[in-house]
Each structure stands twice: as structure tokens, then as C-alpha cells.
Amino acid sequence: MRVLHAAAEVFPLVKTGGLADVVAALPSALRAAGADARLLLPGLPAVMAALQSPQMLAELGPCFGVAGVRLWKGRLAVPELPVYVVDAPMLYRRGGGPYADAQGRDWPDNLQRWGLLGWMAAQLAGSGLDPQWSPQVVHAHDWHAALACAFLHAHPVPGVRSVYTVHNLAYQGLFPLADHTLLGLGAAFLSADGIEYHGQLSFMKAGLSFADLVTTVSPGYAHEIATPEFGHGLDGVIRARGAAVQGILNGIDEQVWNPAQDPALAEPYGLGAMAGKAACKRALQREAGLADAADAPLLAVVSRLSHQKGLDLVLDALEPLLAQGAQLVVQGSGEPALQDAFEQAAHRHRGRVAAFIGYDEARAHRMLAGADGLLMPSRFEPCGLAQLYAMRYGTLPVVRRVGGLADTVIDADAPARAAGRATGIVFEEASAPALVSAVSRLVDLYRTPSPWARVQQAAMEQDYTWTGPARRYLALYEELASVR
Ligand code: ADP
Ligand code: GLC
């Protein structure tokens, strides 16, 4: 099975969230399962710098308003994958982030930047750009690559199918309708059955409407997005696709997230050898300037600071959380108001609250290892990887019962504990009191060492490798390819 994954991010080169981790790990797991999976990426500076053995496949005339667009074929060393890179210096070679500048303002040419990525994916499938290889399945991730599905619908290629994975329905790629002329999709695509969305162009809708199969990153989120509460205005489109929308839970890359061989940690540890975790906690308390208190439950947040993640609830609940004797360390970046609020909280509660504003991969590992609990009070969560990493590191997640969080964390209620199945704390309501009572359940558990150790062990034993999910994707590709 030859499959091309098209995406904006890939760990460790370009990462704003879990998408990058998935795009690095899933194609690798598919290759391990016997598929010929390759990546198509935009030529962002980090990607160009990492491209090995580059071979130019094509130089294309003006497309999407820019000249000098080249398609390269090569390899990446990490992740170790064959890769195609769309090199459009005018669109991709700049500082700042993949979607926005350093001040957080969306790039004004995002329509061209991400339209080109989707277009190139369709071209690789249909135009023989690589004489030695072409995909049977084009698998587009999130709105940035979604237009591939519309281009393949506009110009079908015999034997080629498209899959679209929604990692987060909240980010839709909306643009002025008048800009459709830049895309070169016919007027037929502008209807409400096409990519028009309340008077705008929606890249997300291009994926949802025109992919042969739509997946999302947990079964729970697959159900939720078909409802008005979680559908971000697209639940009708999703319901209309019926069984063509499926939920497949993400996995974790055990090469990257394994406390027994994690170079970021003060000391390694693992099941049956937990002494290193105490050393990681001491090191984290020191690094964060928290009181050196081995018995204080240490709570962590490692997250984008956005409305989705519900971290305003952590701020609202802060005093009662600290009254339980807990410490809190936060690392994140995003909405300026949340950044400021966490910095101020750290200032007010010196020694008990610490805030690292920014992005630091190695510290994220140290935090997930050193903490006792991870807070994820998300309003919605398509899958969530941080809680999976936390469980792997014996750090018990405190999560809301939504999306992938509900699918992956088993609440430590009495029956689950008796059965040895509990892996964390799950709560219902998106409110500060509900979070406080969830954390107090965690703290009570923490203060009873042997039940705590049992839940910790169950969390660490969970199998969240990519082997199972990769097999499921492969089965879906094969099923699609078999339909004539
Ligand atoms: P999302 O993709 O919605 O941000 P996930 O839980 O799926 O949520 O993935 C988040 C990923 O990003 C995790 O790997 C997490 O460790 C990482 N992450 C988020 N914020 C930061 C940060 N400030 N520094 C380092 N890593 C971060
Ligand atoms: C998105 C979601 C997150 C998910 C990640 C990877 O960013 O917000 O829940 O884990 O994509 O699929």
C-alpha cells in the first residue's frame, strides 16, 4: 500500500501541538506494518535544513501566485522517512510560526501557502511528478492539507483515494469567498455542498466533504463532532457523511516517550524501578523554584494556552488547589491573558506555583516525569497526547470526560480501583469546583501510598503504542483501494 501523508507539521522539525507528533509517528508505524508511507511537507526553514539527499523532481511555473516553486524528494533522518517537500521560498521561507508571525497574527497569504500544499499532494497522485512513485492513498491532516481532497475530487485519478483526518475541528482555515479564484477550483465547489461556509471559504469543509473517508483521532470525538455542541457549525456536514467518519485513537511514540531511556530526565525509571521518578520530582521542584517538599503533590500543566484547554479553570481553582497542599508548575504559550495570569499567579505564590511561558520540548519531558499529576480540564479534546505521555511516565492525569480524554483515562472510582483498571481522575463539569473536587480525589489517593502505586502501575502498563492504530489505518486504506 502506497500512501502519502500531507501535513503542515512534523516532530521534531515543526511542532505547535500533537499534530506534529502524529505526523512523525503514524507513517513510521505504517512502514513497520509493511506499507510504503511517505510524507509531503511545506518547505519551511526547518524542513529545508533537515532535507537529506535532495533530488529535484519538478520546477513549476507560477502557482498560487508565486513563481519558482520546486518539488524535492529526499529523506529525513528524524523521523526516518522518505519525504517530498514543496519548496516555495516566497510562501514558506520566513521566521515566525507555521501559521502566524511571531506576534501571533495569521500570515496574510495562508490561503496560498496551504492551498499549494493540498494541490501538490493531488499532483503527486495524478501528474507523475515522481516517475518512480505515486500514492494509492493521499492522507491529508487537518485543514492545512485538506484541499488535496477537493483537488482529487475535481480531477479524479483512477485508483487513488483520499483520507482526511480531523485533528481539531476548531481550526478551520476560513478565507474570503472572493479569494476562490486563487485556488482554481471550479465554481461548482463554491456551493453550500462544496467549500462555502457562511459566506467564506472553508478548507476544513473541503476535507470533510470531499475525502473518500474522514477520520478523527478518537472514537469519542468522532461522536461528539456530529453534535451541535462540539460540531463548530460543521456537525451537519459530518452527520451527512455517516459511516464515512471514523474515530481512531492516536498512539504514542515509545522511542520519544519512555522514562527508562529519556535523555531529558535527571534519572531513568520504569515499572518496578520507580526510585528515579522521585529524583525527577526533586529536580523539577528545583528547576521550577518550588519548595523542596517530597510529600507535596506536584501538579503540572503542559499545554497550549487556549480556550480549548480550560486552563482558566485552573486559575479560578488555584487557591483551593493550593489549600490542599499541592504545588503547581505550568508550561505553555498562547493567549496573552492566560500567559499573564499564570505568571502573576507564580509571582503571588512563589515557591508553590511556577510558570514557564514558552515552548520547551525537553522541559515538557522533565515536567511529565517529575510531576505527580497532570491537569487537563479541556472543554473539548480530539484525542490529547499529553495525558497518554503522563500515564506512560506514572503521572496521573486529571481530565474532563470529553473526547479522547474520556476514551483513554479510567477514573479511579472504587470499582475500577478494585479491578486494578483505574489510571487517573475523570470529572464531568467544566467548572472550577468540579476541578477542585477532582484534584482533591487525586490528593487523597496520593496520600495513600499503596493504592496510589497501584493506579500508577496500571497507568504505566497501558498499551498506547502505534501498532494497533497503524493496523487500523492500513485496513481502511486497503478497504478503500478495493472499491472500484
Ligand atoms: P494539542 O495538540 O491540542 O496541543 P496534545 O495533547 O495532543 O494537544 O499535544 C500537545 C503536545 O504538545 C504534547 O506533546 C505536549 O507535550 C506538547 N506541548 C504543548 N505545549 C508545550 C510547551 N509549551 N512546551 C513543550 N511542549 C508542549
Ligand atoms: C489536535 C488536538 C489534540 C490531538 C492532536 C493530535 O491538536 O487538539 O487533542 O491529540 O491534534 O491528533
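Residues numbered from 1 in each chain as written. Chains lettered and ligands numbered in written order. Predicted model: local features only at pLDDT ≥ 70, side-chain atom pairs only at ≥ 80, totals over all residues. Heavy atoms only, no water.

Colleague: I tried to follow the packing of helix α4 (residues 110–126) against helix α5 (residues 142–154) on my own but got confused; where do I start?
Modeller: In a packed pair of helices, the relevant descriptors are the angle between the two axes and the axis-to-axis distance. Viewed as axis vectors pointing N to C, α4 and α5 meet at an angle of 45°, and their least axial separation amounts to 7 Å. Considering the angle they form, α4 stands oblique to α5. In this structure, α4 crosses over α5, and the sense of that crossing is right-handed. Contacts between α4 and α5 pair Trp114, Gly115, Leu117, Gly118, Trp119, Ala121, Ala122 and Ala125 from the former with Trp143, His144, Ala145, Leu147, Ala148, Phe151 and Leu152 from the latter. Within the contact of α4 with α5, the residues separate by chemical class into 12 nonpolar, 3 polar and no charged. (Axes fitted to C-alpha atoms, helices over the stretch in contact; angles between N-to-C directions. Helix = DSSP H or I, 4+ residues; strand = E, 2+ residues; numbered from the N terminus. Parallel < 35°, antiparallel > 145°, perpendicular 65-115°, else oblique. Left-handed = near helix turned anticlockwise from the far one by under 90°. Contact = heavy atoms within 4.5 Å. Nonpolar A, V, L, I, M, F, W, Y, C, P; charged D, E, K, R; others polar.)

Colleague: Whenever I open this one, the pairing of strand β15 (residues 353–357) confuses me. Can you help?
Modeller: In summary, the side chains of a regular strand alternate between the two faces of the sheet. The sheet contact formed by strand β14 (residues 327–334) and β15 spans 5 bridges and is parallel. The partner of Gly332 across the bridge, within β15, is Ile357. Since β14 and β15 lie parallel, the crossover through helix α12 (residues 336–348) that links them has a hand, and here it is right-handed. (Pairing = 2+ DSSP bridges. Right-handed = clockwise from strand over helix to strand, strands pointing away.)

Colleague: I keep staring at the site of ligand 1 and nothing clicks. Help me out?
Modeller: Taken together, 20 residues lie near ligand 1, and Gly18, Arg304, Lys309, Gly358 and Leu385 sit nearest. Taking Gly18, its main chain carries an N or O atom lying 2.6 Å from an oxygen atom of ligand 1. Secondary structure elements with two or more residues in the shell around ligand 1: α1 (18–32), β13 (298–305), β14 and α14 (386–392). No other element matches the 3 residues that β13 contributes to the shell around ligand 1. Among the residues making up the shell around ligand 1, the classes are represented as 6 nonpolar, 8 polar and 6 charged. (Near = heavy atom within 4 Å. Polar contact = N/O pair within 3.5 Å; in protein donor to acceptor, adjacent residues only side chain to side chain.)

Colleague: Help me out: how do you make sense of the sheet that holds strand β4 (residues 69–76) in this one?
Modeller: Two strands in a sheet stick together by hydrogen bonds in their backbones, pointing the same way (parallel) or opposite ways (antiparallel). Taken together, 9 strands build an open sheet; the order of strands is β3-β4-β5-β2-β1-β6-β7-β11-β12 and the sheet is mixed. On the outer flanks of this sheet lie β3 (52–60) and β12 (245–247), each paired with one strand and no other. Here the average twist between neighbouring strands, direction ignored, is 25°. In terms of strand pairing, strand β1 (residues 2–6) meets strand β6 (residues 137–141) through 4 bridges, oriented parallel. Pairing of Val3 across the sheet is with Val137, part of β6. In this fold helix α6 (residues 203–210) packs onto β7 (161–166) and β11 (213–216), with an angle of close to 130° to the strand it touches most, β7.

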